[in-house]
Amino acid sequence: MKSKLVIVGLMLFTVFIGFGIIIPVLPQLVTDVSPDAANWHTGLMLTLYSLMSFLLAPVWGGLSERIGRRPVIMIGVLGFSVSFLLFGLSGDSLLLMYASRVLGGLFSGAVTACIVAYVADVTTDEQRTKGMAVVGMSIGMGFTFGPLFGGLLSKVSHHTPFFAAAVLSFLTFIAAWTKLEESLTPEKREAARLRKRVSRWTAFRGPLKYLYSLAFFVTFSLAILEATLQLYGMERFDVTPLKVGYMFFFCGLIGALVQGGIVRRRVKKGQEGRYIAIGLLFSAAGFFLLLTAGNWIAATFYLCVFGIGNALLRPCVTSLITQKTTVDQGTASGLSSSMDSLGRIIGPLLGSALLGITSWLPFVVSGILSIAGLALLAQFRSLDRREAANAA
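Residues numbered from 1 in each chain as written. Predicted model: local features only at pLDDT ≥ 70, side-chain atom pairs only at ≥ 80, totals over all residues. Heavy atoms only, no water.

Before going further, it helps to spend a moment on the overall build of the protein. Per the secondary structure count, the protein includes 14 helices and zero strands. When the elements of the protein are put in sequence order from the N terminus, they spell out α-α-α-α-α-α-α-α-α-α-α-α-α-α. The C-alpha atoms of the protein give 20 Å as radius of gyration, which agrees with the globular expectation for 392 residues (21 Å, within 12%). Dimensions of the protein, computed from the C-alpha atoms along their principal axes, are close to 60 × 40 × 35 Å. Of all intrachain contacts in the protein linking residues separated by at least 6 positions in sequence, the fraction that spans at least 24 positions is 87%. Put simply, the protein shows about 15,400 Å² of open surface, and 67% of that area lies on carbon and sulfur atoms. Both charge centroids of the protein, one from 33 positive and one from 19 negative side chains, sit 7 Å from each other. (Helix = DSSP H or I, 4+ residues; strand = E, 2+ residues; numbered from the N terminus. Rg over C-alpha atoms; globule rule 2.2 N^0.38 Å. Contact = heavy atoms within 4.5 Å. Areas by Shrake-Rupley, 256 points an atom, 1.4 Å probe, with all protein chains shown as cover. Lys, Arg positive; Asp, Glu negative; His and termini not counted. Charge placed at Lys NZ, Arg CZ, Asp CG, Glu CD.)

Spelled out as structure tokens, the structure:
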């Protein structure tokens with residue numbers, strides 16, 4: 001089990017380095033091409049990416065149940081590589097930039113949803129939170145180093161990070177081809193082929209619907225932050241792509257340390273709800289503190305406060321979903337990935353609209369949403385306890 005987690009952890013780390021590389025340069029690149037509508041183009045590109053992921057994630061999840069996780073993950077990583085290459089070749093063409101984001105979103109669900117299902121396949125309920133912490137830590141480390149590399153590579157040109165992301169994704173594809181083992185036995189795949197297909201929304205019922213809604217809220221507020229932070233910083237304290245790279249580097253580093261040192265080692269089965277509540281409070285504090293930042297160093301510190309909360313939230317929510325689901329892991333992970341994508345569809349557009357009204361509004365709304373998440377958590381825990389008592 002440990003060797004499989006190491007392999008998928010390294011894959012996620014490499015893929016999300018490639019994803020994180022573009023974070024500091026995308027808003028600047030769009031601003032250079034279309035300065036009058038940069039916030040809308042940035043938001044729309046992020047939204048289209050997530051819309052494609054939302055539509056295709058359950059398809060990839062169901063397909064992985066029938067043909068296996070390994071081939072679907074490999075297809076997704078290769079598609080990622082092609083999408084980054086297309087953006088690198090886009091020049092000043094907004095049309096090619098949009099095409100690249102659509103292509104990337106199409107394949108993203110094949111990577112994220114199927115790797116979560118893969119980890120669920122190879123871990124027991126007792127090991128699940130630790131397994132999801134490895135997933136979260138790998139993604140966090142990718143986001144730690146990716147934006148920093150992107151900021152440094154932007155010194156060469158604003159398109160260079162995309163070529164680097166394409167190369168990294170292709171190297172990950174080669175690694176998957178040679179090292180990644182299938183997690184589903186032929187018998188399980190055959191059973192999935194014979195089983196009647198079910199909608200992803202069959203998982204959205206009972207207490208779990210509140211967890212899925214919470215997963216949406218978490219990603220929704222994060223997507224608002226990702227779409228607006230650099231544009232907000234450019235207006236408030238003249239932030240550059242390199243400085244944004246450093247900001248996300250330290251945020252990701254703190255998050256990875258939390259997931260590796262606290263979530264993986266200290267969170268036991270049954271304790272996830274407590275840490276989710278703590279994570280929501282930290283996230284809300286980070287959003288509100290960002291409003292007081294007068295320079296990029298202070299903003300980095302407050303972003304790290306948010307990072308602590310997000311690092312506690314995501315693996316614990318994912319672990320609870322995989323533990324409590326009454327459908328197969330592919331369907332559950334597909335819906336979880338879809339809720340994640342849905343948050344990233346609406347978040348950037350709303351963030352861009354709020355930023356257009358006034359610069360501080362996106363962070364206030366995100367902070368309020370984090371606090372509102374406590375109500376969803378309370379409802380889940382209440383219904384879950386009631387169902388457990390009735391079953392006993």
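Counted by the stated rule, this structure contains four salt bridges. Here Glu-65 ties to Arg-69 by a salt bridge, and the two come within 3.0 Å at their closest N and O atoms. Note on Glu-65: relative accessible area 9%, which makes it buried. Close ionic contact of Lys-324 with Asp-384 constitutes a salt bridge, the shortest N to O distance being 3.2 Å. Taken together, the residues span a long stretch of sequence, with Lys-324 in helix H12 (residues 296-324) and Asp-384 in helix H14 (residues 361-391) at a distance of 60 residues. On the basis of relative accessibility, which here comes to 34%, the residue Lys-324 falls in the partly exposed class. Taken together, the salt bridges that share partners define one network made up of Glu-65, Arg-69 and Asp-121. (Salt bridge = Lys/Arg side-chain N within 4 Å of Asp/Glu carboxyl O. Buried < 20%, exposed > 50% of the residue type's maximum accessible area, 1.4 Å probe, protein only.)

On to a positive patch on the surface. On the surface, Lys-130, Arg-265, Arg-266 and Lys-268 cluster together into a positively charged patch. You can call Arg-265 exposed: its relative accessible area is 54%. (Patch = residues over 30% accessible without salt bridge, like charges linked within 9 Å, V, L, I, M, F, W, Y side chains within 5 Å.)

Quick look at the environment of Val-258 now. As for its position among the elements, Val-258 is in helix H10 (residues 241-266). Separated by 97 residues in the primary sequence, Val-258 and Leu-355 place their C-alpha atoms 30 Å from one another.

Glancing now at unusual backbone geometry. The phi dihedral of Asp-238 is positive, around 50 degrees, even though this residue is not glycine. Judged by its relative accessible area of 58%, Asp-238 is exposed.

Here the focus is the nonpolar core. Within the largest apolar cluster, 67 residues are counted, with the highest numbers of intra-cluster contacts made by Ile-73, Leu-225 and Leu-303. At 12 residues, the largest contribution of residues to this core is made by helix H5 (residues 94-122). The contact partners of Leu-225, leaving out residues within four places of it in the chain, are Phe-287, Leu-290, Leu-303, Phe-306 and Phe-363. Residues Val-218, Ile-276, Ala-311 and Leu-376 belong to the second largest nonpolar core, which totals 33 residues. (Core = buried A, V, L, I, M, F, W, Y, C linked by side-chain atoms within 4.5 Å.)

The terminal C-alpha atoms of H12, which comprises 29 residues, lie 41 Å apart, in line with the 42 Å expected from a rise of 1.5 Å per residue. Most of H12 sits out of view: 23 of its 29 residues are buried. By the N-cap criterion, in which a side-chain oxygen at the helix start approaches the backbone nitrogen of a residue two or three places on, H12 is capped by Asn-295, the distance to Ile-297 being 3.1 Å. (Expected span 1.5 Å × (residues − 1). Polar contact = N/O pair within 3.5 Å; in protein donor to acceptor, adjacent residues only side chain to side chain.)

Here the focus is the confidence of the model for the protein. Here the protein shows a mean pLDDT of 83. Residues at 70 or above account for 96%. By mean pLDDT, helix H8 (residues 186-194) is the weakest element of the protein at 71, and helix H11 (residues 272-290) is the strongest at 94. (pLDDT = per-residue confidence, 0-100.)

It is worth spelling out the packing of helix H3 (residues 38-67) against H5 at this point. For the pair H3 and H5, the least separation of the axes is 6 Å and the interaxial angle reads 35 degrees. Helix-helix and strand crossings are classified by hand; for H3 and H5 the assignment is right-handed. Within the contact of H3 with H5, the residues separate by chemical class into 16 nonpolar, eight polar and one charged. (Axes fitted to C-alpha atoms, helices over the stretch in contact; angles between N-to-C directions. Left-handed = near helix turned anticlockwise from the far one by under 90°. Nonpolar A, V, L, I, M, F, W, Y, C, P; charged D, E, K, R; others polar.)

Looking now at the side chain of Ser-34. Position of Ser-34 among the secondary structure elements: in the loop between helix H2 (26-33) and H3. Taking the relative accessible area as the measure of exposure, Ser-34 reaches 15% and is therefore buried. Setting aside residues no more than four positions away along its own chain, Ser-34 makes contact with His-41 and Leu-94.

Right, let's talk about the packing of aromatic side chains for a bit. All chains considered together, the criterion is met by 16 aromatic pairs. Here Phe-216 and Phe-220 contribute two aromatic rings whose centre-to-centre distance is 5.4 Å and whose plane-to-plane angle is 15 degrees, an arrangement assigned as stacked. Residue Phe-216 and its partner Phe-220 are located together in helix H9 (residues 208-237), separated by four residues, close to a single helical turn. Grouping residues by exposure puts Phe-216 and Phe-220 together as buried. Through a chain of ring-to-ring contacts, three or more aromatic side chains come together here, namely Phe-13, Phe-145, Phe-149, Phe-249 and Phe-250. (Phe/Tyr/Trp six-rings, centres within 6.5 Å; stacked < 30°, edge-to-face > 60°.)

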